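Structure assessment
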Amino acid sequence: MKCADEFRSRAITAPLIEEIARSLVRPVRIMEVCGTHTMSIFRHGIRSLLPEGITLLSGPGCPVCVTPARHIDAFLSAADRPQVTIATFGDLIRVPGAERSLAGARAGGARVEIVYSPMDALTLAQQEPERTVLFPAIGFETTAPTIAATILAAERLGLTNFLIIAAGKTMPQALEALMADSELQVDGLLCPGHVSAIIGSETYRPLADRYHLACAVAGFEPADILAGLLSLIRQINHGQPGVENCYTRAVTREGNVRAQQLINEVFEPADSDWRGLGTIPGSGLMLREKYRRFDGMEQLDIPIQASREPKGCRCGEILKGKLLPPDCPLYGTACTPLQPVGPCMVSNEGTCAAYFRYSGRKTSTAHQNTKPFFASSTEPS
Ligand code: SF4
């Protein structure tokens, strides 16, 4: 495996950029599905290196961003119980629910701890048997295997004070729902490297066939992303869209079978609410009956509430690639990384946060003048 520096070197990236410019024969609209891709594209200034005519859209691949407010409210309801400790990934803590965030709950006296893995939450449960430790289980196929392994470990240890709220999601169903939206008009998908390492590159084949859609699995270094974009442009040019795996050092056709088995052992598919995308059939991961004793919703009798999204927040349209962050009236004024209104401004992988970090408080018009390659909802396709 080459070190990261090599995948950033000009010797590799410059020829790819030249080849992309040579190959582009018509305007194309490409969605990068993964929030890590979005951040990497901004961080390395890739937009400014691409020829005019390539429109990059950000998709629904930030796990914190697509978690609806009602799930955040469920985590908050658990945090309000005096015997409960919430052990959560750090980027979830500032995501607003209908009225407050876990950070706000902590400021009000709730016990909220940041952990780096679900196994850390399990260790906390072992160390504090007098408390109930609840892990908010958000994320995609990338985090689901470690959460499943943690449930199996809790089962083996006979722990009775470890719970999760199962809010995990699966990507293929969300992509299917997005591509079925005729307004989106996407020519190609830059498929997520991390998720693909688990589910395998062939998972995208039905999507490519059904929607005549070019798909390229890509890693996260500049050379990976550029190679993925070049693959997509060539597929589109040849009129033969399919699936190309440009991240073979991490992704195989069939994916990580052991990880898939772990997920299937502990979870079963369920309908799931996605912020901005609504309810997508079969796109969620709920605990199987056998492991239902770890279900925090059931064990703590947490009521299921309707989602109330933050007033004025346009995250839903941004997650569908239909709006740019600067088009949101709250962007850079009422909503900043220090005072986020919606989840897309909280997470490192959030599109609004990426825009703000690398473009600042520019208005929509100013932004488009300086970044002509990024689509807006009003841009002709
Ligand atoms: Fe939501 Fe803030 Fe993004 Fe607007 S700028 S869509 S309020 S996160």
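Just so we're clear, the structure is a prediction, and the values are computed from it rather than from any experiment.

Okay, the packing of helix α9 (residues 144-157) against helix α14 (residues 257-266) next. Remark: α9 packs on α14, axes separated minimally by 8 Å, with the N-to-C direction vectors making an angle of 55°. Classified by the angle their axes make, α9 and α14 are oblique. Classified by chirality, the crossing of α14 by α9 is left-handed. Across the interface between the two elements, A144, P145, A148, A149, I151 and L152 from α9 touch A259, L262, I263, E265 and V266 from α14.

Quick look at the sheet that holds strand β6 (residues 162-169) now. Spatial ordering of the open sheet is given by β4-β3-β5-β6-β11-β10, a layout of six strands whose pairing is mixed. Only two strands of the sheet have a single partner each, and these edge strands are β4 (111-114) and β10 (267-274). The sheet shows a mean angle of 25° between the axes of neighbouring strands, direction not considered. Pairing analysis gives four bridges linking strand β3 (residues 84-88) to β4, with the strands arranged parallel.

A few words on unusual backbone geometry. A positive phi angle, near 50°, is found at Q185, a position not held by glycine. Residue class for Q185 comes out partly exposed when judged on its relative accessible area of 45%.

On to the sheet that holds strand β2 (residues 54-61), then. Pairing within the open sheet is parallel, and its five strands lie in the order β2-β1-β7-β8-β9. Each having just a single partner strand, β2 and β9 (243-245) make up the two edges of the open sheet. Shown here is a sheet whose adjacent strand axes are inclined to one another by a mean of 20°, direction ignored. Relative to β9, strand β8 (residues 214-218) is paired through three bridges, and the arrangement is parallel. Across the sheet, the residue bridging to C215 is V243, located in β9.

A separate point is the state of the cysteines. A covalent bond bridging the sulfur atoms of two cysteines is what the word disulfide describes. Inspection of every chain in the model, using the stated rule, returns one disulfide. One disulfide bridge connects C62 with C65, the sulfur atoms lying 2.3 Å from each other. On the S-S bond that ties C62 to C65, the torsion sits near 70°, and the link is right-handed. Residues C62 and C65 agree in their burial class; the two are buried. You can see C191 has no disulfide; the closest cysteine sulfur is in C215, sitting 4.4 Å from it. In this structure C191 comes out as buried when scored by relative accessible area, which is 0%.

Cut-off values and rules
Residues numbered from 1 in each chain as written. Predicted model: local features only at pLDDT ≥ 70, side-chain atom pairs only at ≥ 80, totals over all residues. Heavy atoms only, no water. Axes fitted to C-alpha atoms, helices over the stretch in contact; angles between N-to-C directions. Helix = DSSP H or I, 4+ residues; strand = E, 2+ residues; numbered from the N terminus. Parallel < 35°, antiparallel > 145°, perpendicular 65-115°, else oblique. Left-handed = near helix turned anticlockwise from the far one by under 90°. Contact = heavy atoms within 4.5 Å. Pairing = 2+ DSSP bridges. Buried < 20%, exposed > 50% of the residue type's maximum accessible area, 1.4 Å probe, protein only. Disulfide = S-S within 2.5 Å.

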